[in-house]
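Reading the structure
Listed below are the residues making up each chain.
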Amino acid sequence: MTQPQTQPQQTKKTKVKASDIFATIDEALAVANLPQEDYARIAKYEEDAAVLRSTDPGHNYQALCPRCGSPLQQATSISGSTSTDWLECSNSVCNTYVDTYRPMPHQAAVHKDSHRIIGNFGSYGTGKTKTSEKEIEKHIFLTPDANILLGANITSQYEQTLLRDFEKSFPIDFLEGRSQQKGYLDFINGARLMLRPFDDPDKLRSNNYSLVVMLEASEINADAFHQLKTRLRNTAATYTNNSTTWDWRKLICESNPDSGKHIKSCPSINIPLIHLKA
């Protein structure tokens, strides 16, 4: 099969100010003008996110960019290491990034839930932290100028878990800057991820948020929880067209459930998300 012509390679990546930098896989395929039979090849990723396997046993195919057809390569994460989830196009002017994360049914249930307050409960190894991490990534892409709060009762509970995993996954090209002292990361579409301990509810009064993620929620003081509910006032996560308003502000409470509890599953989302940097 003949692949679309790639653009000439450039040594310096184009600087793009991105706000709407996301698209569905169908839209990406349409841009790339690839035949429908390539859909399965693009969507079926190996665990190492480096190659695609065809339906013919014993044959490996390198992952190809759904936009221009160039080979995909592993992206560099915020931590400076190879990203655990993301691939990027090797064509320096294409600016296409592919998230190879494939949620399990119970993770998909959280991603598809439209309630304002969501409980993300699961024992060790169930992927609840990865779910919350991807909710943060999704919110960044959907919400220019978002104000996201990630926290727990003590700092180490988020620094050594979700934040560490996020920094090993999310591409550094989407990062605008960060402050270790003030505890925030800024992204190229104006979104900000703030990092705070929740041990003192009075310290949570000064900001309005579009997304709040509470880790180890069972250990957080009830006053902090009620305070954070009132701080979901950032309208960056809303959109009004004529008389219809969409509102995707959320508070996610992540914790381990009591013994014998479980989460009802729903049909899986079985395609990767594709994000295009203009």
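Our subject is the structure listed above.
The sections below set out a description of the structure shown in this document. Just so we're clear, the structure is a prediction, and the values are computed from it rather than from any experiment. (Residues numbered from 1 in each chain as written. Predicted model: local features only at pLDDT ≥ 70, side-chain atom pairs only at ≥ 80, totals over all residues. Heavy atoms only, no water.)

Topic: the overall build of the protein
When its secondary structure is counted, the protein shows 7 helices and 15 strands. By the burial criterion, 46% of the 278 residues in the protein qualify as buried. A separation of at least 24 residues holds for 67% of the contacts in the protein among residues at least 6 apart in sequence. Surface accessibility of the protein: about 14,300 Å² in total, with carbon and sulfur atoms responsible for 48%. (Helix = DSSP H or I, 4+ residues; strand = E, 2+ residues; numbered from the N terminus. Buried < 20%, exposed > 50% of the residue type's maximum accessible area, 1.4 Å probe, protein only. Contact = heavy atoms within 4.5 Å. Areas by Shrake-Rupley, 256 points an atom, 1.4 Å probe, with all protein chains shown as cover.)

A closer look at unusual backbone geometry
Across the chain, the bulk of peptide bonds are trans and the bulk of non-glycine residues have phi less than zero. Positive phi values are uncommon outside glycine, yet D145 reaches one of about 70°. By secondary structure assignment, the location of D145 is in the loop between α4 (128–142) and β7 (147–152). A residue is classified by how much of its surface remains accessible, and D145, at 52% relative accessible area, is exposed. With phi around 60°, N242 is a residue other than glycine that occupies positive phi space. Mapped onto the elements of the fold, N242 is located in the loop between β12 (238–241) and β13 (244–247). Note on N242: relative accessible area 74%, which makes it exposed.

Section: the pairing of strand β3 (residues 72–76)
By the bridge criterion, 4 bridges tie β3 to strand β4 (residues 82–89) in an arrangement that is antiparallel. Its bridge partner being in β4, Q73 is matched across the sheet by E88. The antiparallel pairing of β3 with β4 creates a hairpin that spans 5 residues between the two strands, and G80 there sits at a positive phi of about 95°. (Pairing = 2+ DSSP bridges.)

Remarks on the nonpolar core
Here is a general trend for soluble globular proteins: nonpolar side chains tend to be buried in one another's company. If you look at the biggest cluster of nonpolar residues, it comprises 28 residues, and the most contacted ones within it are I136, L150, F166, F170, F187 and L193. Those elements giving two or more residues to this core turn out to be α4, β7, α6 (162–169), β9 (184–187), β10 (192–197) and β11 (211–214). Those residues in contact with I136 that lie beyond four places of it in its chain are I148, L162, F166, L193, L211 and V213. (Core = buried A, V, L, I, M, F, W, Y, C linked by side-chain atoms within 4.5 Å.)

Re the sheet that holds β9
Overall, mixed pairing links the 7 strands, which are arranged β6-β14-β11-β7-β10-β9-β8 in an open sheet. One side of each edge strand has no neighbouring strand; the edge strands of this open sheet are β6 (117–121) and β8 (175–179). Each strand of the sheet is rotated relative to its neighbour by a mean of 15°, with strand direction disregarded. Direction of pairing for β7 relative to β10: parallel, over a ladder of 6 bridges. Along β10, the bridge assignment pairs N147 with R192. Sitting on the sheet, helix α7 (residues 222–230) is in contact with β6, β7, β11 and β14 (250–255), with an inclination near 155° to β14. (Axes fitted to C-alpha atoms, helices over the stretch in contact; angles between N-to-C directions.)

Description of the pattern of salt bridges
In this structure the tally under the stated criterion is 11 salt bridges. Notably, a salt bridge pairs D85 with K134, separated by 3.2 Å at the nearest N-O pair. Of this pair, D85 sits in strand β4 while K134 is found in helix α4, placing the two residues 49 residues apart along the sequence. On the basis of relative accessible area, K134 is assigned to the buried category, the value being 5%. Residues D99 and K134 are paired through a salt bridge, measuring 3.1 Å at the closest nitrogen-oxygen approach. Of this pair, D99 sits in strand β5 (residues 96–99) while K134 sits in helix α4, and the two are 35 residues apart along the sequence. As far as the burial class goes, D99 and K134 line up, both buried. What you see here is one network of salt bridges that share partners, running through D85, D99, K130, E133, K134 and E137. (Salt bridge = Lys/Arg side-chain N within 4 Å of Asp/Glu carboxyl O.)

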